[in-house]
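Coordinate inspection notes
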Amino acid sequence: MDHPEGMNGRTARATGVNANLLLIDSTIDLSAHSTDSGQDYNHSFTAGIGADSGGHVDIQGGSITASGSKRSVGMQANDGGSIRASDVQITTHNHFGHAVQVYRNPSEEEVTTHIELDRVSIETLGENYSLGVQVANKGASLSMTDTDIITAGTASSGVEVFNGARAELFKGTITTKGDAAAGVRVYGGNLGSGAAIVNGTQIRTRGSYASGVLAGDAAEPTSGVVNVSNVDIATLGERASGFEVAHGSSLSSTASSVHTEGERAHGVYVHKGGSATLNGSSLSADGLHSYGLYASGSDSTISASDTNVITHGIRGYGVFADEGGVISLEGGAITTANSTGKGTQNGDGSRAYALYASGDESRITTQGGSEIETLGQRAYGAYADHGGHIELNDATITTHGFMAYGLYANYEGSTIDANNVSITTTGEVGDGVWAWNGVVNLNGGSITVGGEPNSNYPHEVANGLVAVGGTESEAQGTINANGARIITMGANSAGVVAGARNGSEPVSGSINLTGSWVEVQGEKSVAARVNYGGTLNATDSTMHSIQSHGIVMTDDATVHLVGTDVESAKASLVSNFNASGQTQNIIIGSGSTLTTNDGTLLQVNRSSAGMDGLVNLTLQAGSNSRGDIIDLDGLSPDTPTRTGKTNFTVDSGASWVGLVRGINDVNMEDEASFVDEGGAPIAGNVTAGENSTIVFNNGATIGGGVSTGTGTRGVFNGVTRVGGDIVGTGSALSFNGLADIGGSVSARSRTSIAFSVIEPTVIGGDVQLDQGSSLSGGSQTAPITIGGNAKVNSGSTLGGNLFVAGALSGDGGVLSPGNSIGVHSYATNAGFSGAYTAEINSAGLSDLIIVRDGDFDLSGIDLTIAQENGNGGYLLNHAYTILRTETGDLVSEFASENLDPTSFANARIKLDPAQYGQKVVKVSLSVDETNIEKSSWSSNQHAVYQGVISAGAENP
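As a starting point, this report considers the structure included with it. The shown structure was predicted, so the numbers you read here are calculated from the model rather than taken from an experiment. (Residues numbered from 1 in each chain as written. Predicted model: local features only at pLDDT ≥ 70, side-chain atom pairs only at ≥ 80, totals over all residues. Heavy atoms only, no water.)

1. Quick look at empty space enclosed by the protein
Spelled out, the test is: Put plainly, a pocket is an open set of points on a 1 Å grid over the protein atoms alone with protein on both sides within 12 Å along at least five of seven lines, a cavity is a set where a 1.4 Å probe fits but cannot get out, and a lining residue has an atom within 4 Å of a point. Grid points are joined across faces, edges and corners, and a volume is the space filled by probe spheres set on the points.
Taken as a whole and judged by the stated rule, the model has 1 cavity of 30 Å³ or more. Its volume calculated, the largest cavity comes out at about 40 Å³. Lining the largest cavity are Ala 418, Val 421, Ile 423, Leu 442, Gly 444, Gly 445, Ser 446, Ile 447 and Ala 484.

2. A look at the pairing of strand 54 (residues 517-520)
Along any regular strand, the residues point their side chains to alternate faces of the sheet. Formally: Only strands joined by at least two bridges in the DSSP assignment are considered to pair. Helix and strand labels come from DSSP, where a helix needs a run of H or I of at least four residues and a strand needs a run of E of at least two; each type is numbered from the N terminus.
Note: strand 49 (residues 485-488) against strand 54, 4 bridges, orientation parallel. Within the sheet, the bridge partner assigned to Ile 487 lies in strand 54 and is Glu 519. The sheet contact formed by strand 54 and strand 57 (residues 542-545) spans 4 bridges and is parallel. Bridging across to strand 57, Trp 517 finds its partner in Thr 542.

3. Overview of unusual backbone geometry
Heads up, the condition is: With a 1.4 Å probe rolled over the protein chains alone, any residue whose accessible area is under 20% of its type maximum counts as buried; one over 50% counts as exposed, and the rest are partly exposed.
Following Tyr 457, the chain continues to Pro 458 via a peptide bond in cis, the omega torsion being 10°. Tracing the chain through its elements places Pro 458 in the loop between strand 46 (446-449) and strand 47 (465-468). For Arg 239, which is not glycine, the phi dihedral falls at a positive 60°. Structurally, Arg 239 can be placed in the loop between strand 22 (232-236) and strand 23 (241-246). We classify Arg 239 as partly exposed; its relative accessible area is 34%. If you check the backbone angles, Arg 264 has positive phi at about 55° while not being a glycine. As for its position among the elements, Arg 264 is in the loop between strand 25 (257-261) and strand 26 (266-271).

4. Quick notes on the pairing of strand 7 (residues 89-92)
As paired elements, strand 4 (residues 56-68) and strand 7 share 4 bridges and run parallel to each other. What sits directly across from Ile 64, in strand 7, is Ile 90. Where strand 7 meets strand 10 (residues 121-124), 4 bridges bridge the pair, whose relative direction is parallel. The residue of strand 10 that forms the bridge with Thr 92 is Thr 124.

5. Observations concerning the pattern of salt bridges
To be explicit about the condition: Every case where a carboxyl oxygen of Asp or Glu lies within 4 Å of a side-chain nitrogen of Lys or Arg is listed as a salt bridge.
One pass over the structure, following the stated rule, counts 13 salt bridges. Among the salt bridges present, the one from Asp 631 reaches Arg 642, with a minimum N-O distance of 2.6 Å. Here Asp 631 is found in the loop between strand 67 (628-630) and strand 68 (645-650), whereas its partner Arg 642 is found in the loop between strand 67 and strand 68, with 11 residues between them in sequence. Under the relative-accessibility criterion, Asp 631 is labelled buried at 0%. Exposure remark for Arg 642: the relative accessible area of 15% places this residue in the buried category. Here the residues in one salt-bridge network are Asp 87, Asp 118 and Arg 119, joined through shared partners.

6. Focus on the environment of Asn 419
We count it as follows: We call two residues contacting when some pair of their heavy atoms lies within 4.5 Å. By the criterion applied in these results, polar contacts are pairs of N or O atoms within 3.5 Å in which, for protein atoms, one can donate a hydrogen and the other can accept it, and in which residues neighboring in sequence qualify only through two side-chain atoms.
Inspection of the secondary structure assignment puts Asn 419 in strand 42 (residues 415-419). Sequence separation between Asn 419 and Ala 484 is 65 residues; the distance between their C-alpha atoms is 9.5 Å. Ignoring sequence-local partners within four residues, the contact set of Asn 419 consists of Glu 391, Leu 392, Asn 393, Asp 394 and Asn 443. One polar contact links Asn 419 to Asn 393, side chain to side chain, over a distance of 2.8 Å.

7. Brief notes about the packing of aromatic side chains
Rules: In this scheme Phe, Tyr and Trp rings, the latter by its six-membered ring, pair at centre separations within 6.5 Å, and the angle between planes marks the pair as stacked below 30 degrees, edge-to-face above 60, and tilted otherwise. Counted as over-ring charges are cases with an Arg CZ or a Lys NZ within 6 Å of the ring centre that also lie within 35 degrees of the ring normal.
Following the criterion strictly, the structure yields 33 aromatic pairs and no others. When the centroid spacing of 5.1 Å and the interplanar angle of 5° are considered together, the rings of Tyr 405 and Trp 434 count as stacked. Separated by 29 residues along the polypeptide, Tyr 405 in the loop between strand 40 (396-399) and strand 41 (407-410) and Trp 434 in strand 44 (residues 433-436) bring together distant segments of the chain. Judged by relative accessible area, Tyr 405 falls into the buried class, the value being 3%. Residue class for Trp 434 comes out buried when judged on its relative accessible area of 15%. The residue whose ring lies beneath Arg 501 is Tyr 532, and the NZ or CZ to ring-centre distance is 4.7 Å. Sitting over the face of the ring of Phe 803, Arg 852 holds its NZ or CZ atom 4.0 Å from the ring centroid.

Rendered as structure tokens:
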């Protein structure tokens, strides 16, 4: 067929209906060269064997060789022709010189055009686009069995099917050696998708951008359809793919095997809206940046069931959903096997992610027990980045490398949902879960972190959960764990970490635990670290540190526990302040128990910059805590106060036992229990609501005041010093040692305040009693010293032994000196009206009120004389001194003078009129003969009676 201008033709041709050609062991050699030097003609229909228009060729054995100009092919069936070839060797030498072509003219009426190949051997040697088999346009079809195809040129695919054509391949082999060549290539056209069925075929490609099976590509951006089963694919070359599916094409694979080698060579690459479905297949990718499954772009999807994926290269991702791609996995196994940085740090490591979803709408879903494993450094089990979403159901994740995290959600909008997932990490710094700006939701499952700290500087540690990344402009990382079990085994680890430092920049995070278990086993390992604006919320959970502290906070931090137990070998809570202007809020909510520790509930540590840090510790109703609260840094005898404070609040129904040292305010709500065993200083106030209990068993030093509500009981054992006021409302307060009150004492609503009768009491301010309240304590040798005024109102009783530096006043109150016989000494009287109950006894002693300066007007006071303690006895005709002034005079007399009807019940005694001197009031008792009938007495009775009376003051 050589010719100066080129010409079309066939060496052997069957044309027309019922035209049949049989060739046996034939040798066909087609030459279609231009005889003009340098010319390359484009022949459309130059072929060694041809069949058309209903003609049929049956060729058995032999060979076909075609060479020459463009488009000279070995055999061609077109427009209704058919060919059956068996045991034939076909070789082409020219570019665009396909070995076999099944072609139906798309502009003509559709007719069936078919080639069947059985045990055919094909080789194309052209340097460009020399296909093994081309099946073109709807109506054209191919069936191929046990056929071997070899191509050498660029884009020289083994089998190409497009525009509605169909091909079926069974067994056989396809080998391509050129760049951009595919073993099987399908795409579409205006007549529909090209479709291929490939079963049991072995495909080998060698070249950049080559594909084992290609459905739709940039050169022909239309859709094809491929169904493969039991196919064995191996590719070698940069950006090669085992399966590549794009432009709306679809591929399904069953029980197939893919192995790729070369940089960015992917097992399955789906993009531009393609879709792939895999079942029972296996994928292996060896090169740098090579991925097992890769879906890129919106509407690009991969579905894989019982499929195993392994990558071996640096940054070799097992499953990658990118820029809106969606991948779903059921069962199967994903392994990134590059071991660079396995266990300990090695350069930048492998960075090979098993599951990787990057970009908005990118999504990976696993179910059915998928098994995920990574070997190298920074090789994460599942990594959601820049808005990607990963959902794992019933999966297992195992990582072995340095900083190889189980789960990692990076960037705002990135989310990982892990449902009943088991995570195990073993390498140094192999954290279980990370959320940097992103969100991780754990529902059930377990996390076991076995790694030790980095053996090199900066010695990072292996933690369970880490939530970080929050700044003023970026969202916090968030981890929500529901029913999860977290265990760390290495030294210095933390079960959960909310907030950390990114270099020198603090970044915050939030961790929310519900029904979860956290246990840390290593030396110096803590259950939780909450730092730099981080937040920990734990509900119905347990946090256990076997060797160290429970929850450690640094600078700004928020911790809220509800129904949660914290068990630790050292302090339950530790607050660290390393920067100025920081606040920590700690809320121990209902049902929480912090009683297992080394005796310290909260230890506050301050650097010089953190001396102004504020801790607010609140124990809420139904919580139970035990241990000391210590905040001593920056305090000394020379520096008793500082800007930074620890405020301690015990809410209604809460219980605490311990001691406080260096804290500021203690606040107790209703029904709280506060038992301080230490007596160390409290810089601020102690406040209690209703029906609470306050106990200081070893003294109290309170810089502020004490305020108590109705039904509250306060017991102060040992030396008590209160810098501010004491205000009681319906309370009962007892001070059983030395008491030094810097402010005033105020009692209302039937409050009783009892000071020691042995140790001295000093009240720097006023005393005011209202609404039936009472005060007692002191002794005549060590009276209660009141630096201000004493005011007694509305049925209240001012008892005890008192030395009042100020004035006495009040309306409707009761003065009752002593705890039995006692003395009140007032500087002056400022208008008291009410009652004075003066006790007397058989020793001739009585209560005494002294006004040291000024007059004392008695006209508004009712006097009652009572026996000491109700049964102390009395002397008849004895003058008891019950009141005196020192520089002033007595003004008027008592409004009334009466005996106490209770202690003198049934006594034949009367109170004689009081003896009013200028400065002294005395009272005496005598026999009341008014109701004694003597007329019937005998002389002996009269004698006895007279003897008793004559005894006078000597006999009661």
